[in-house]
Amino acid sequence: MIRRISLIAVAAVTVAGGGAALAQVVTGDPVTSPSFDGPVYAVAYQGDTVYVGGSFTRAIVNGRSVPRTRLAAFHARTGELIDWRPSADANVRALAVTGDVVYAAGDFERINGEARDKVAGIGATSGLPTSLRHTFTGQPVALASGNGRLYVGGRISAVDGVPRGNLAAFTLSTGALDAWAPTTDDSVNALAATNERVYLGGRFHRTNSVASTLRLAAVDPATGVLDRGFAPKPVSQVFALATDPNGVYAALGGQGGRAVAYAPGGQTRWTRVFDGDAQAIAVLDGTVYVGGHFDKACTTTNNGIKGVCTDGSVERGKLAAVDATGNLLEWAPRANGVVGTRQLAASPALGAISAVGDFTTVSAATRKRYVSFNGVTPREEATPAAGPGYAASYNFDTTIADGTFDDGSGHGHLLRTVSRNGGAIKLVTKGSGQALAFPPKCTGRGCPRLVLQAVDTPDLNPGKRPLRYGAGVLLSPAETSSGENVLQKGYSTGGGQYKLQVDGVSGKPSCGMSDVSEKSLYVVRSRTSIADGTWHAVECRRTGATLAIVVDDKLQASTAIPETLSVDTPQPFSIGGKGTGENNDQFHGALDDVWIHVG
């Protein structure tokens, strides 16, 4: 899957100290989107879907008012409402999406009439509350997911009666209260999670009782231990955070407002100053987008009483953009209102930015409390056969007389044919190349069987590391059976396993994994069939405590797995079946572009 990024807008910039530069930004013209009859506080992307939460009770689409009680979802590209309609009995103030679950935090006590105190998990497709259910003493206002956990911040003194100091976490695989429990001495307004750190932003002056860790700190994502190597000390409270490989970005209030970029070591990379609070921040392709209730951006870092820019300013109505070196861009959509923009979200996959808040017009167009800007168009990209992390790759484009196929990743995992009862290699045309067809559907002990296998080597065992694997699959409705293996390494009886198969006559693909030390198999299944006689790209993704299945570049479903799940099996890697015995789950269609990526 490839996305071709092409610019729709290229903006000149005004540099604080004079001069000019060029940066790539989204267009300043809003795209088609729904409006809402009350403030929108939270926004999150999941693929092509946008989820929003707030205090609204209706969405407005093409002049039509549709009931949506503080939660809604719609297509990012078209603005068309999705039939996802959970209801909250009070304001929703934060959202985070992981796999097929939308997590919400706010003032509510019930979701769909079911008791859910201030934090809830909601099916991203069904709209039904998950089993996540806890009781809070205090008010959560910030969410972030990562590292197998849902992180929660706010003004919190206890969860289920267990003391917490404004921070808490839940294990995604079980929903249980996690041991992660750093503390602050005042409210946490914002969270941002990476693999190495969880960043905390807010009003506090101490983190884990350590002095001079004020307003912005970083803690370990598993233990909550303070990272003393990060001590930026912003001048005023932090309202929002965003991260990228270059560091962390903070939206600040105070005398006027500030957007500040910090290096991983806590050093200030650049600062932009506004005449009102910066309340929202997001980063997309190196450009930082800032939202708040400001009307002007200062041309220097100096401002005075009530945030007035003392050395000159330019108009920036509630939205602004800054390039990677701190230059203010000419992007200026101009939103109205007093409060303005409350939150921003970025979608790298769509090249889009969403803003929510209390505004009703943007760039002179009616956009009530939600607006989106696109900047790139989709591109096509084939999964690379080789490169860092690819453990094995096979495209079957060469005919080998001895029944073997070379490994295109360069790691030498030669595939050898294992057959019974006359099962034989058959190559079929696919585009300008070839694919491998397996024996036709058959019942009985004498059916032809064909499997390709590579001997076990350590680099085919992912352990606990991130894992992706997949294949191009061609299967007709007549070729389905009770279960057909596309690829597999290991068995659930010991050593762990990972596999991709097509389940049942319905032809729905599934991904499965089991741990080295237990027999439980964790399975996630696609919601749609691929048994339609056309080629489909099917991919399994294991990241931390989540196992997901993707079909044709679209997330179909995900499930929680233990974060500690490890696969280290001496069994060979197999394609087309788990062996050549009578019940080998023989595949009956055609396969191409089979690959494994570890790390």
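Since we're looking at a predicted model, the values are computed, not measured.

A.B. asks: Help me out: how do you make sense of the overall build of the protein in this one?
C.D. replies: Secondary structure summary: the protein contains zero helices and 51 strands in total. Against the globule reference of 25 Å for 599 residues, the protein gives a C-alpha radius of gyration of 26 Å, in line with a compact fold. Each principal axis of the C-alpha distribution contributes one length, and for the protein these read about 85 × 55 × 50 Å. Taken across its 599 residues, the protein has 54% of its residues classed as buried. Restricting to contacts in the protein with at least 6 residues of sequence separation, those with at least 24 account for 51%. Of the roughly 23400 Å² of accessible surface on the protein, a fraction of 49% belongs to carbon and sulfur atoms. Treating the 55 positive side-chain charges of the protein as one cloud and the 51 negative ones as another, the clouds have centres 5 Å apart.

A.B. asks: So what exactly am I meant to see when it comes to the sheet that holds strand S4 (residues 40–46) here?
C.D. replies: By way of backbone hydrogen bonds, the strands of a sheet pair with one another, either parallel or antiparallel. Read across the sheet, three strands follow the order S4-S5-S8 without closing on themselves; strand pairing throughout is antiparallel. Edge positions in the open sheet fall to S4 and strand S8 (71–75), since each of these has one partner strand only. Each strand of the sheet is rotated relative to its neighbour by a mean of 20°, with strand direction disregarded.

A.B. asks: Whenever I open this one, the state of the cysteines confuses me. Can you help?
C.D. replies: As used in these notes, a disulfide is a covalent bond between sulfur atoms, one from each of two cysteines. One pass over the full model with this rule turns up three disulfides. Bridging Cys298 to Cys309, the disulfide has an S-S length of 2.0 Å. As the torsion about the S-S bond is roughly -75°, the Cys298-Cys309 disulfide counts as left-handed. Here Cys298, found in strand S27 (residues 296–298), pairs with Cys309, found in the loop between S27 and strand S28 (313–315); they are 11 residues apart in sequence, far enough to count as distant. Accessibility classification places Cys298 together with Cys309 in one group, the buried group.

A.B. asks: Just checking my understanding: could you explain the nonpolar core for this structure?
C.D. replies: Taken as a class, soluble globular proteins show a tendency for nonpolar side chains to be buried jointly. Grouped together as the largest cluster of nonpolar side chains are 43 residues, with contacts concentrated most on Leu415, Tyr469, Tyr498, Phe573, Ile575 and Ile596. Among the nonpolar cores identified, the runner-up in size contains 19 residues, and Phe36, Phe56, Ala59 and Val66 belong to it.

A.B. asks: Got a minute to help me understand unusual backbone geometry in this structure?
C.D. replies: Positive phi outside glycine occurs at Lys118, with the angle close to 75°. Its place among the elements puts Lys118 in the loop between strand S12 (114–115) and strand S13 (119–123). One non-glycine residue, Ser212, lies in positive phi territory at about 60°.

A.B. asks: Explanation requested: the packing of aromatic side chains in the structure shown.
C.D. replies: Given two aromatic rings, their pairing is described by the distance between the two centres and the angle made by the two planes. A complete count under the given rule lists 15 aromatic pairs for this structure. For the ring pair Phe136 and Phe170, a centre distance of 6.0 Å and an interplane angle of 75° mean the geometry is edge-to-face. With a gap of 34 residues between them, Phe136 in strand S14 (residues 136–146) and Phe170 in strand S17 (residues 167–171) connect regions that are remote in the sequence. As far as the burial class goes, Phe136 and Phe170 line up, both buried. On the numbers, 4.7 Å between centres and 70° between planes, the contact of Tyr151 with Trp180 is edge-to-face. Of the two residues, Tyr151 sits in strand S15 (residues 149–159) while Trp180 sits in the loop between S17 and strand S18 (188–193), which places them 29 residues apart along the sequence.

A.B. asks: I'm lost on the pattern of salt bridges in this one. Help?
C.D. replies: Should the charged atoms of two oppositely charged side chains come close, the side chains can pair. Tallied over the full model, the rule gives 18 salt bridges. Here Asp186 ties to Arg155 by a salt bridge, and the two come within 2.7 Å at their closest N and O atoms. With Asp186 in the loop between S17 and S18 and Arg155 in strand S15, this residue pair connects regions lying 31 residues apart in the sequence. Among the ionic pairs, Lys430 bridges to Asp592, the shortest N-O distance being 3.3 Å. With Lys430 in strand S39 (residues 426–430) and Asp592 in strand S51 (residues 590–598), this residue pair connects regions lying 162 residues apart in the sequence. One salt-bridge network, in which partners are shared between bridges, spans Arg149, Asp178 and Glu563.

A.B. asks: Explain the environment of Pro570 here, please?
C.D. replies: With respect to the helices and strands, Pro570 occurs in the loop between strand S49 (554–560) and strand S50 (573–575). With relative accessibility at 60%, the residue Pro570 sits in the exposed group. Residues Pro570 and Gly165, spaced 405 residues apart in sequence, show a C-alpha to C-alpha distance of 46 Å.

A.B. asks: Would you mind going over the side chain of Gln497 with me for this structure?
C.D. replies: Assignment of secondary structure puts Gln497 in strand S44 (residues 496–503). Residue classification places Gln497 among the buried residues on the basis of a relative accessible area of 3%. In this structure, Gln497 is in contact with Gln488, Lys489, Gly490, Tyr491, Ser492, Gly512, Met513, Ser514, Leu521 and Val567, ignoring residues within four places of it in sequence.

A.B. asks: Just to check I follow, could you spell out the side chain of Asp277 for this structure?
C.D. replies: For Asp277, the position within the fold is in the loop between strand S24 (268–274) and strand S25 (278–284). Among the polar contacts listed, one links the side chain of Asp277 to the backbone nitrogen of Gly254, at a separation of 3.4 Å. Filtering out sequence-adjacent residues up to four positions away, Asp277 remains in contact with Phe239, Leu252, Gly253, Gly254, Gly256, Gly257, Gly291, Gly292, His293 and Phe294.

A.B. asks: What should I look at first to understand the environment of Gln279 in this one?
C.D. replies: Topologically, Gln279 is positioned in strand S25. Spatially, the C-alpha atoms of Gln279 and Pro448 are 65 Å apart, while their sequence positions differ by 169 residues. Beyond its immediate chain neighbours, meaning those up to four positions away, Gln279 contacts Phe239, Ala240, Ala251, Gly291, Gly292, His293, Val339, Thr341 and Arg342. A distance of 2.8 Å separates the side chain of Gln279 from the backbone oxygen of Thr341, its partner in a polar contact.

A.B. asks: Explain the pairing of strand S7 (residues 64–67) to me, please; I cannot follow it from the model alone.
C.D. replies: Residues in a regular strand point their side chains to alternate faces of the sheet. By the bridge criterion, four bridges tie strand S6 (residues 58–61) to S7 in an arrangement that is antiparallel. Looking at the pairing, Val61 lines up with Arg64 of S7. With antiparallel pairing between neighbouring strands as the criterion, S6 and S7 make up a hairpin whose turn holds two residues, including Asn62 at a positive phi of roughly 55°.

A.B. asks: For this particular structure, what's the right way to read the sheet that holds S7?
C.D. replies: Read from one edge to the other, the open sheet built from three strands follows the order S3-S6-S7, with strand pairing classed as antiparallel. Because the sheet does not close on itself, it has two edges, and the strands there are strand S3 (35–36) and S7. Two strands pair when backbone bridges link them, and S3 and S6 are joined in this way by two bridges, in the antiparallel orientation. Each residue of the ladder has a partner; that of Phe36, found in S6, is Ala59.

A.B. asks: What's the story with the confidence of the model for the protein in this structure? I'm lost.
C.D. replies: Atom-level detail of predicted coordinates should not be read off regions where pLDDT is low. Taken residue by residue, the protein gives an average pLDDT of 88. The fraction at 70 or more is 92%. Low pLDDT (under 50) marks residues 1–23, which in the prediction has 67 contacts with non-local residues, meaning those over four places away or in another chain. Predicted confidence for residues 376–387 stays below pLDDT 50, and this span has 33 contacts to residues more than four positions away or in other chains.

Rules and cut-offs
Residues numbered from 1 in each chain as written. Predicted model: local features only at pLDDT ≥ 70, side-chain atom pairs only at ≥ 80, totals over all residues. Heavy atoms only, no water. Helix = DSSP H or I, 4+ residues; strand = E, 2+ residues; numbered from the N terminus. Rg over C-alpha atoms; globule rule 2.2 N^0.38 Å. Buried < 20%, exposed > 50% of the residue type's maximum accessible area, 1.4 Å probe, protein only. Contact = heavy atoms within 4.5 Å. Areas by Shrake-Rupley, 256 points an atom, 1.4 Å probe, with all protein chains shown as cover. Lys, Arg positive; Asp, Glu negative; His and termini not counted. Charge placed at Lys NZ, Arg CZ, Asp CG, Glu CD. Pairing = 2+ DSSP bridges. Axes fitted to C-alpha atoms, helices over the stretch in contact; angles between N-to-C directions. Disulfide = S-S within 2.5 Å. Core = buried A, V, L, I, M, F, W, Y, C linked by side-chain atoms within 4.5 Å. Phe/Tyr/Trp six-rings, centres within 6.5 Å; stacked < 30°, edge-to-face > 60°. Salt bridge = Lys/Arg side-chain N within 4 Å of Asp/Glu carboxyl O. Polar contact = N/O pair within 3.5 Å; in protein donor to acceptor, adjacent residues only side chain to side chain. pLDDT = per-residue confidence, 0-100.

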